[in-house]
Amino acid sequence: MVSKEKNMKRFVFLIWFFNVVVLVNAENGSRLWLRYETVPPSLGSELLEKITAIQHNSQNPSMIVAANELQEAMMGFTGARIPVVGKPDAPGILLVTANTRMARRLGLNAELRNMHPDGYLIKTARLNNVTHTIIASPTETGVLYGSFDWIRQIQSGNYDHQIIVKSEPHFDLRMLNHWDNLDGTIERGYAGYSLWKWDELADVLSPRYEQYARANASVGINASVPNSVNANPQVLTPEYLEKLKALADVFRPYGIQLFISVNFASPAALGYLPHSDPFDPAVQQWWKDKAKEIYRLIPDFGGFLVKANSEGQPGPMDYGRNHADGANMLAAALKPYGGLVIWRAFVYDPGDKDRAIQAFDEFMPFDGIFADNVIIQVKNGPVDFQPREPFSPLFGAMKETQVMMELQITQEYTGFSNHLVFLGSQNEEALKSDTWAYGEGSTVARVTDGTLIPHPVSAIAGVANTGEDTNWTGHHFGQANWYAFGRQAWNHTLTSEQIADEWIKATFTSNPDFLEPVKDLMLNSHEAVVNYMMPLGLHHLFAWGHHYGPEPWCDVPGAREDWLPRYYHKASEYGIGFDRTRNGSGAVDQYFPPLNDMYNNVETTPEEFLLWFHHLPWNHTMKNGRTLWDEMAFKYQEGVDSVRSFQKTWDRMEPFIDQERFRHVQSRLRTQVRDAVWWRDAIMLYFQTYSGLPIPYELERPVHDLEDLMKIQLDLKHHN
Ligand code: GCW
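Residues numbered from 1 in each chain as written. Predicted model: local features only at pLDDT ≥ 70, side-chain atom pairs only at ≥ 80, totals over all residues. Heavy atoms only, no water.

Visitor: Sorry, what's going on with the overall build of the protein chain here?
Guide: A count of helical and extended segments in the protein chain gives 23 helices and 16 strands. Across its three principal directions, the C-alpha atoms of the protein chain cover 80 × 65 × 65 Å. A burial count over the protein chain gives 61% of its 720 residues as buried. The contacts of the protein chain with a sequence gap of at least 6 include a subset with a gap of at least 24, amounting to 72%. Carbon and sulfur atoms provide 52% of the accessible area of the protein chain, an area that totals close to 27,300 Å². Separation of charge centres in the protein chain, based on 63 positive and 86 negative side chains, amounts to 7 Å. (Helix = DSSP H or I, 4+ residues; strand = E, 2+ residues; numbered from the N terminus. Buried < 20%, exposed > 50% of the residue type's maximum accessible area, 1.4 Å probe, protein only. Contact = heavy atoms within 4.5 Å. Areas by Shrake-Rupley, 256 points an atom, 1.4 Å probe, with all protein chains shown as cover. Lys, Arg positive; Asp, Glu negative; His and termini not counted. Charge placed at Lys NZ, Arg CZ, Asp CG, Glu CD.)

Visitor: Could you clarify how one ought to interpret the pairing of strand E13 (residues 402-408) in this entry?
Guide: Consecutive side chains along a regular strand alternate between the two faces of the sheet. Extensive coverage of E13 is indicated by the burial of 7 of its 7 residues. Looking at chain direction, strand E12 (residues 374-379) and E13 are connected through 5 bridges and run parallel. Following the sheet pairing, Gln377 is matched in E13 by Met404. For E13 and strand E14 (residues 459-463), the ladder comprises 4 bridges, and the chain directions are parallel. Residue pairing for E14: Gln408 is matched across the bridge by Val463. (Pairing = 2+ DSSP bridges.)

Visitor: Sorry, what's going on with unusual backbone geometry here?
Guide: Keep in mind that most residues, glycine aside, have a negative phi and that most peptide bonds are trans. The linkage connecting Leu201 with the following residue, Ala202, adopts the cis geometry, with an omega of 0 degrees. Of note, Ala202 is situated in the loop between strand E7 (173-177) and helix H7 (207-218). A positive phi is found at Asn309, a non-glycine position, where the angle reads about 45 degrees. Position of Asn309 among the secondary structure elements: in the loop between strand E10 (303-306) and helix H11 (323-334).

Visitor: Just checking my understanding: could you explain the packing of aromatic side chains for this structure?
Guide: The geometry of an aromatic ring pair is captured by two quantities: the separation of the ring centres and the angle between the planes. Counted under the stated rule, the structure contains 50 aromatic pairs. With a centroid separation of 6.5 Å and 90 degrees between ring planes, the pair formed by Tyr599 and Phe609 is classed as edge-to-face. One end of the pair, Tyr599, is in helix H19 (residues 595-600); the other, Phe609, is in the loop between H19 and helix H20 (610-613), with 10 residues separating them in the sequence. Assessed through its relative accessible area of 5%, Tyr599 is described here as buried. Taken together, the ring pairs connect Trp33, Trp196, Tyr209, Tyr212, Phe251, Trp472, Trp482 and Tyr483 into an aromatic cluster. The ring centre of Trp563 lies 4.9 Å from the NZ or CZ of Arg560, which sits over that ring. When the ring centre of Phe578 is taken as origin, the NZ or CZ atom of Lys570, which lies over that ring, is 4.3 Å away. (Phe/Tyr/Trp six-rings, centres within 6.5 Å; stacked < 30°, edge-to-face > 60°. Lys NZ or Arg CZ within 6 Å of the ring centre and 35° of its normal.)

Visitor: What exactly am I supposed to notice about the side chain of Asn263 here?
Guide: When you line up the elements, Asn263 lands in the loop between strand E9 (257-261) and helix H9 (266-269). You can call Asn263 buried: its relative accessible area is 10%. From its side chain, Asn263 meets the backbone nitrogen of Ala265 in a polar contact 2.8 Å long. Residues in contact with Asn263, not counting those within four places in the same chain, are Ala231, Pro233, Trp287, Gln313 and Pro314. (Polar contact = N/O pair within 3.5 Å; in protein donor to acceptor, adjacent residues only side chain to side chain.)

Visitor: I would appreciate a short explanation of the packing of helix H17 (residues 512-533) against helix H21 (residues 628-651) in the present structure.
Guide: Working note: a packed helix pair is described by the angle between its axes plus the distance between those axes. Look at H17 against H21: their axes get within 8 Å of each other, and the N-to-C directions meet at 155 degrees. In terms of orientation, H17 lies roughly antiparallel with respect to H21. The two elements H17 and H21 cross, and the hand of that crossing is left-handed. For the pair H17 and H21, contact is made by Phe514, Pro517, Val518, Leu521, Asn524, Ser525, Ala528, Asn531, Tyr532 and Met533 and by Lys635, Tyr636, Glu638, Gly639, Val640, Ser642, Val643, Phe646, Thr649 and Trp650, respectively. Class assignment for the residues of the contact of H17 with H21 results in 12 nonpolar, 6 polar and 2 charged. (Axes fitted to C-alpha atoms, helices over the stretch in contact; angles between N-to-C directions. Parallel < 35°, antiparallel > 145°, perpendicular 65-115°, else oblique. Left-handed = near helix turned anticlockwise from the far one by under 90°. Nonpolar A, V, L, I, M, F, W, Y, C, P; charged D, E, K, R; others polar.)

Visitor: Please clarify how the nonpolar core should be interpreted in this entry.
Guide: The nonpolar side chains of soluble globular proteins are, as a tendency, buried together. Counting residues in each nonpolar core, the largest one holds 215 residues, and the members touching the most others are Trp150, Trp343 and Trp650. No other element matches the 14 residues that helix H22 (residues 659-691) contributes to this core. Ignoring sequence-local partners within four residues, the contact set of Trp150 consists of Leu47, Ile51, Leu70, Met74, Ile93, Ile122, Thr133, Ile135 and Tyr159. (Core = buried A, V, L, I, M, F, W, Y, C linked by side-chain atoms within 4.5 Å.)

Visitor: So what exactly am I meant to see when it comes to the pattern of salt bridges here?
Guide: Side chains that differ in charge, positive against negative, can pair when their charged atoms come close. Tallied over the entire structure, the rule returns 44 salt bridges. For Arg214, the salt bridge is made with Glu69, and the minimal N-O distance between the two is 2.8 Å. Taken as a pair, Arg214 in helix H7 and Glu69 in helix H3 (residues 61-78) lie far apart in primary sequence, 145 residues in all. The buried category is assigned to Glu69, whose relative accessible area is 4%. A salt bridge links Arg344 to Glu406; its shortest N-O distance comes to 2.8 Å. Highlighted residues: Arg344 in strand E11 (residues 340-344) and Glu406 in strand E13, separated in sequence by 62 residues. Per residue, the accessibility class of Arg344 equals that of Glu406, and both read buried. Taken together, the shared-partner salt bridges connect Glu27, Arg31, Arg35, Glu37, Asp658 and Arg661 into one network. (Salt bridge = Lys/Arg side-chain N within 4 Å of Asp/Glu carboxyl O.)

Visitor: In this structure, what is going on with the site of the ligand? I would like to understand it.
Guide: As a matter of local geometry, the ligand sits amid 15 residues, with Glu187, Lys307, Arg344, Lys379 and Glu412 nearest to it. Taking Arg344, its side chain carries an N or O atom lying 2.6 Å from an oxygen atom of the ligand. A distance of 2.7 Å separates an oxygen atom of the ligand from a polar atom in the side chain of Lys379. Protein contacts shield 100% of the accessible area of the ligand, which totals 330 Å² for the unbound molecule. Considering only residue class, the shell around the ligand consists of 4 nonpolar, 3 polar and 8 charged. (Near = heavy atom within 4 Å.)

Visitor: Can you help me understand the sheet that holds strand E6 (residues 165-167) in this one?
Guide: The strands making up a sheet are joined through hydrogen bonds of the backbone, oriented either antiparallel or parallel. If you walk across this open sheet you meet the 6 strands as E2-E1-E3-E5-E4-E6, and the pairing is mixed. Two strands in the sheet have a free side with no partner beyond their single neighbour: strand E2 (84-85) and E6. Inspection of the sheet shows strand E1 (residues 54-55) paired to E2 by 2 bridges, in the parallel sense. For Gln55, the partnering residue across the bridge sits in E2 and is Val85.

Without other data, these values stay purely geometric and don't point to any function.
Okay, here's the thing in structure tokens:
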């Protein structure tokens, strides 16, 4: 008997120990940037003095979520449980929406009425001699965003009780595109299987759905497309629509609108009609009925994302119709419900025409012909999410059509979840690229955010990097790319430096001995990957299919030429690079002046895009006096050196953070260094077979043999 009791006690203790010590302190990255660690005592007592209650009297789920979040944050920051109350008696946070009694009492209605529905105000106000912090917005979702902002100020050490914040998003739709298949795999996913458990839905709701929605809301992401653009028609069956409804219901309180990717040939593929010609009234009716069915289940459904006539996906051209015919037919079906069609411009055909100019040529004729609920989604660069690309010339050129940018958060071309690459810098580069469409300052951000080309809805999308890995993104630093996308979609003027700063403080620590070196590392990491993979405008030197390692020699019999690296590098005994000048493919003339002339001239082309626009001899003289060949060697070495320095920096960070995350990142950096050396050797040794020139003698010598590198066949299968 006694020993049984003892055992029981031991068991209870173990459970307690596991929950309190192991689980709470488990630093597995699952908490993302929403960690809410104890704040310094002085700030803690200030918070406890000023925030003694959280007040609202709404039944709206988003308000309830906002109040809970503030409560949880206060608990984490101070250890105290702050009550949520209905009356503003005690000093605290008042959550206020427009057109309520409280907004009237506080005199906020006029200001709120003129704000973006997602925007918010944070300020203090006195009510019956009590000072409160007000978080106010035209909508409940806006209050939720304001609450997360208030929390972020504390996490980033910027809390000031008196601060006045007025914030409105730059893009209306801040959207994640998941390339998740219905079988649970993820195309270009490097964090395990999909978050969406289609087999279990709609009956079983994984707790991760809500955590995902919360994380998105915390950075302002407000739309999600859970299934891949290579869309399985099944997603439109009644069975899947029920599953989607269940997801939409979880997302809704967090302000996240559900969209789906649809297969253009769905009516035929699902066996309802003999074909899917958009001009056939039966096809049009099918989509109208489908839209009605969807909106009955999901009244705030966002619309369809479509990859049509691209990489083997069906589309209107299969029936002799064009992009506008296809997009407008779907748009008409969604129109009565306020739904949108997001039509992708990622198109290119096999053939002689430079792949980089095809999307522009294919879409420009339809500028002004798309319905007003169609948005054209354009990848940041004209080819395909390469480590560095100039911006796509469609930005700014389509003046009568709403255009949105698609960024890649998942690291298809930047080392998967093995490499530490902070994409905030890459996004910033893309957003701030000047298109010159309306003179200087017509940045990609401003031609898509509604400022220079006003349209009903402005938008931006990122291809998600989430999966079922405990830390969500595979690499702990992959979380920063999810975070950065959201923050930049909300405010494209934020610098990547600011974003890295916030993220590190919330995710790891504010200790300057960690913060500064790690921030530096993050901010240099994009340039590093460009240098060790594809500097000076080189692009698509990736291995066939998986796009992880280098394979500039790749030759697959019968393959499309534009799926092979040689199409892009064009190396010969003479030199290297893709001639896109007026003597070559003429891509330069898709850009506005003065960029067209600038890129056409080798002297004025920024060196980071040199081999994107020019084919040059190996002995071409660079601005610093080196030959092109030598400069390439220096750039690759610089890439390797950077990653080695990241390793050194990181190893010094051990005292500041938990072992679990420290070791994980440490081991990934080792892989990254090995890969950087692999890249350097593969590219330089291979191109050396053309240039016949030595690696400059002051640089490190290659450590691999080309024949060995050429034998590497990673088992990472993919179609192209
Ligand atoms: O980047 C390429 C990828 C494909 C992807 C395609 C696209 C979803 O290699 O995997 O397919 O782009 O964007 O449609």
